[in-house]
Amino acid sequence: MQTLIINIKELLQVRENHIDKVSGDEMAILPTLKNAFLLLENDLIKDFGLMENCPKINIDKTIDATGKIVLPTWCDSHTHIVYAGNREQEFVDRINGLSYEEIANRGGGILNSAKKLNETSEEEIYNQSKKRLEEVISQGTGAVEIKSGYGLTVDGELKMLRVIKKLAKNYPITIKSTFLGAHAFPKEYKENHSGYIDLIIDEMLPKIAEEKLADFIDAFLETGYFSVEETERIMEAGKKYGLISKIHVNQFTAINGIEACVKHDALSVDHLEIVTDEDIEALKNSKTIAVALPSCSYFISIPYTPARKMLNAGLPLALASDFNPGTTPSGNMNFVVATACIKMKMTPEEAINAATINGAYAMDISKTHGSITKGKKANLIITKPLNSFYEIPYCFGSNLIESVIINGKNMI
Ligand SMILES: N=CN[C@@H](CCC(=O)O)C(=O)O
Ligand SMILES: [Zn+2]
């Protein structure tokens, strides 16, 4: 099956040769082709170029994209899409003056979601989660990472990871699964941290490995959650099962966690609302990418990741949604890109690089996703007619997407 998209006003993120990510000043460059064509064959990108070189062949399907922008779908490398119920009461509590920390200390927060998840059947969790997955696909996401971490019991964590596996089987988008047993200490382990970490290492991990339920391992490295040493135990244990780390770190405090993550070859360090000069030094010349989550900063009113400082230091940066019931009840990557421009002072070129090729790197899928490159997945956003691609972040509240193509097939 071949599909030819013609008269594309501007085709974004065109990369002739494979790159795995872009860093520092390179992020300001978003290669594009104006008045372009794009040829898809089955689920892959077969060819692209200027309209004057458009192949004159018999084609199964032609799409006329006059006036429209075409770009790779968003690669959302950090979500918690699988959860039960929601936490709108905590939202109102925050409006009335309580902080995220105060709510968590009262038994709300992650433990509130864990209670709900353990009381909900696997089927019901699947049904609630698939609606969110369908929503983000319609908003242009073509690859997504989903974490466990609201089980915090052997059964609860396995239940979440099985739901993620079922979503990956039933939906055409690429889904990467991350084991986040170390998201918070359950109440009964509050004074026995090593006991809970033993449970993660000795009981959860072997079962997860046996059923092949995870690609990555995560922990919430933060004051009041998992210490540097505790997170190091988790990262080392994951590595024994072939699980590379992607770590929540520096959301509220900087406690030298980033250096430890780099030392343990983490693929990504995520959040980084609070970043020191030492953290930036630790990331330089490493393979670890920083992932910023601006919708989380927006929703719970915490600082934004200092993108300019990090890009000026030559670092790569990815953008992700953090879709979860507590700090970010939205997986809309268009809003993420717009908020990165408006609040983090990233240019549209930088933000689109961060949400496509760098997002793919943060899921270890940049060989197949994140750019318009021959042989990569035919995962595309076609916009409504626009003046320029700057409108994508500029019109931050509008839905500018006309269609989403995943594996060469129209989803909307
Ligand atoms: N910070 C840790 N985890 C989630 C929030 C968890 C929750 O509040 O449910 C995050 O990435 O923001
Ligand atoms: Zn998160």
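Residues numbered from 1 in each chain as written. Chains lettered and ligands numbered in written order. Predicted model: local features only at pLDDT ≥ 70, side-chain atom pairs only at ≥ 80, totals over all residues. Heavy atoms only, no water.

Q: Looking at this structure, how should I read the overall build of the chain?
A: When its secondary structure is counted, the chain shows 15 helices and 16 strands. Counting only C-alpha atoms, the chain reaches 70 × 45 × 45 Å along its principal axes. With 412 residues in all, the chain has 60% of them scored as buried. Considering only contacts in the chain between residues 6 or more positions apart, those separated by 24 or more positions represent 75%. Here the chain holds 44 positive side-chain charges and 54 negative ones, and the gap between their average locations is 5 Å. (Helix = DSSP H or I, 4+ residues; strand = E, 2+ residues; numbered from the N terminus. Buried < 20%, exposed > 50% of the residue type's maximum accessible area, 1.4 Å probe, protein only. Contact = heavy atoms within 4.5 Å. Lys, Arg positive; Asp, Glu negative; His and termini not counted. Charge placed at Lys NZ, Arg CZ, Asp CG, Glu CD.)

Q: Sorry if this is basic, but what is going on with the coordination of the zinc ion (ligand 2) here?
A: The expected angle between donors at a tetrahedral four-coordinate metal is 109.5 degrees. At an octahedral six-coordinate metal it is 90 or 180 degrees. Coordination of the zinc ion (ligand 2) by the protein is provided by H78 (NE2), H80 (NE2), H248 (NE2) and D322 (OD), with metal-donor distances spanning 2.0 to 2.3 Å. Read N to C, the donor residues that coordinate the zinc ion (ligand 2) are spaced as H-x1-H-x167-H-x73-D. With H248 in strand β10 (residues 244-249) and D322 in the loop between β13 (317-319) and α12 (333-344), this pair connects stretches of sequence that are 74 residues apart. Classification of H248 as buried rests on a relative accessible area of 3%. (Donors = N, O, S within 2.8 Å, 3.2 Å for Na, K, Ca; no water.)

Q: How should I be thinking about the side chain of H264 in this particular structure?
A: Structurally, H264 can be placed in the loop between α8 (257-263) and β11 (268-271). Take H264: its relative accessible area is 9%, and that puts it in the buried class. Discounting residues that sit within four places of it in the chain, H264 has contacts with E232, M235, E236 and K239.

Q: What's the story with a nonpolar patch on the surface in this structure? I'm lost.
A: A cluster of nonpolar side chains, contributed by F91, V92 and I95, occupies part of the molecular surface with about 270 Å² of accessible area. Take F91: it is sitting in helix α1 (residues 88-95). In this structure F91 comes out as partly exposed when scored by relative accessible area, which is 36%. (Patch = residues over 30% accessible without salt bridge, like charges linked within 9 Å, V, L, I, M, F, W, Y side chains within 5 Å. Areas by Shrake-Rupley, 256 points an atom, 1.4 Å probe, with all protein chains shown as cover. Salt bridge = Lys/Arg side-chain N within 4 Å of Asp/Glu carboxyl O.)

Q: Even after reading the chapter, I still don't get the packing of helix α5 (residues 154-170) against helix α6 (residues 193-210), so can you show me in this structure?
A: Think of two packed helices as two axes; the pair is described by the angle between the axes and how far apart they sit. Contact pair α5 / α6: the axes reach a minimum separation of 10 Å and the direction vectors enclose 35°. Judged by the twist between their axes, the crossing of α5 over α6 is right-handed. Residue-level contacts link V154, E157, L158 and L161 of α5 to L199, E203, M204, K207 and I208 of α6. Within the contact of α5 with α6, the residues separate by chemical class into six nonpolar, no polar and three charged. (Axes fitted to C-alpha atoms, helices over the stretch in contact; angles between N-to-C directions. Left-handed = near helix turned anticlockwise from the far one by under 90°. Nonpolar A, V, L, I, M, F, W, Y, C, P; charged D, E, K, R; others polar.)

Q: Sorry if this is basic, but what is going on with the pairing of β11 here?
A: Where a strand is regular, its side chains alternate between the two sheet faces. Direction of pairing for β10 relative to β11: parallel, over a ladder of four bridges. Within β11, the residue paired with H248 across the bridge is D270. On the question of chirality, the crossover connecting β10 to the parallel β11 by way of α8 is right-handed. Relative to strand β12 (residues 289-292), β11 runs parallel, the two sharing three bridges. Within the sheet, the bridge partner assigned to D270 lies in β12 and is V291. A crossover connection joins β11 to the parallel β12 through helix α9 (residues 277-283); in handedness this β-α-β unit is right-handed. (Pairing = 2+ DSSP bridges. Right-handed = clockwise from strand over helix to strand, strands pointing away.)

Q: What should I look at first to understand the domain arrangement of the chain in this one?
A: Accessible area lost upon the coming together of the parts is a frequently used measure of interface size. If you check the domain split of the chain, you get domain 1 (2-72 + 372-410) and domain 2 (75-361). The gap between the C-alpha centroids of domain 1 and domain 2 is 29 Å. Taken together, the contacts link 28 residues of domain 1 with 31 residues of domain 2. Taken together, both faces of the contact between domain 1 and domain 2 bury some 2,300 Å²; the carbon and sulfur share is 67%. When the buried surface of domain 1 facing domain 2 is broken down by residue, K21, M27 and P393 rank first, second and third, together holding 25% of it. At the junction of domain 1 and domain 2, the tally comes to zero salt bridges. Taken together, domain 1 and domain 2 are joined by 11 residue pairs in polar contact (both at pLDDT 80 or more). (Domains from an automatic or database assignment. Buried area = accessible area lost by both parts, 1.4 Å probe. Polar contact = N/O pair within 3.5 Å; in protein donor to acceptor, adjacent residues only side chain to side chain.)

Q: Got a minute to help me understand the UniProt feature "domain: Amidohydrolase-related" (unreviewed entry) in the chain in this structure?
A: Listed under "domain: Amidohydrolase-related" (unreviewed entry) in the UniProt record, and renumbered for this structure, are residues 69-410. The straight-line gap between the two end C-alpha atoms of residues 69-410 is 16 Å; of that span, 42% is helix and 18% is strand. (UniProt positions renumbered as here; feature names shortened; annotations may be inferred.)

Q: Which parts of the structure should I look at to understand the site of ligand 1?
A: The local shell around ligand 1 holds 15 residues, among which Y100, Y150, Q251, H271 and T327 are the closest. Residue Y150 places a side-chain N or O atom 2.6 Å away from an oxygen atom belonging to ligand 1. Measuring from a nitrogen atom of ligand 1, one finds a side-chain N or O atom of H183 at 2.8 Å. Summarising the interface, the protein chains cover 100% of the accessible area of ligand 1, which totals 330 Å² for the free molecule. Grouping the amino acids of the shell around ligand 1 by side-chain chemistry returns four nonpolar, nine polar and two charged. (Near = heavy atom within 4 Å.)

Q: Explain the pairing of β10 to me, please; I cannot follow it from the model alone.
A: In terms of residue burial, β10 counts as a mostly covered element, since five of its six residues are buried. In terms of strand pairing, strand β9 (residues 216-221) meets β10 through four bridges, oriented parallel. When the sheet's bridge partners are listed, F220 is paired in β10 with H248. Handedness of the crossover joining β9 and β10 through helix α7 (residues 228-240) is recorded here as right-handed.

Q: Is there a simple way to think about α7 in this case?
A: Think of an α-helix as 3.6 residues a turn; residues three or four steps apart then line up on the same face. Along its 13 residues, α7 runs 19 Å from first to last C-alpha, staying within 8% of the 18 Å computed at 1.5 Å per residue. Looking at the buried side of α7, the elements it contacts are β8 (174-182), α6, β9, β10 and α8. (Expected span 1.5 Å × (residues − 1).)

Q: What's the story with the sheet that holds strand β6 (residues 74-76) in this structure? I'm lost.
A: Strand pairing in a sheet takes place through backbone hydrogen bonds and is either antiparallel or parallel in direction. Spatially, eight strands are ordered β6-β7-β8-β9-β10-β11-β12-β13 in an open sheet, and the strand pairing comes out parallel. The open sheet has two free edges, formed respectively by β6 and β13, since each of these has just one partner strand. On average, each strand axis in the sheet is inclined to that of its neighbour by 25°, with strand direction left out of account. The sheet strands contacting α6 are β8 and β9, and the helix crosses β8 at an angle near 150°.

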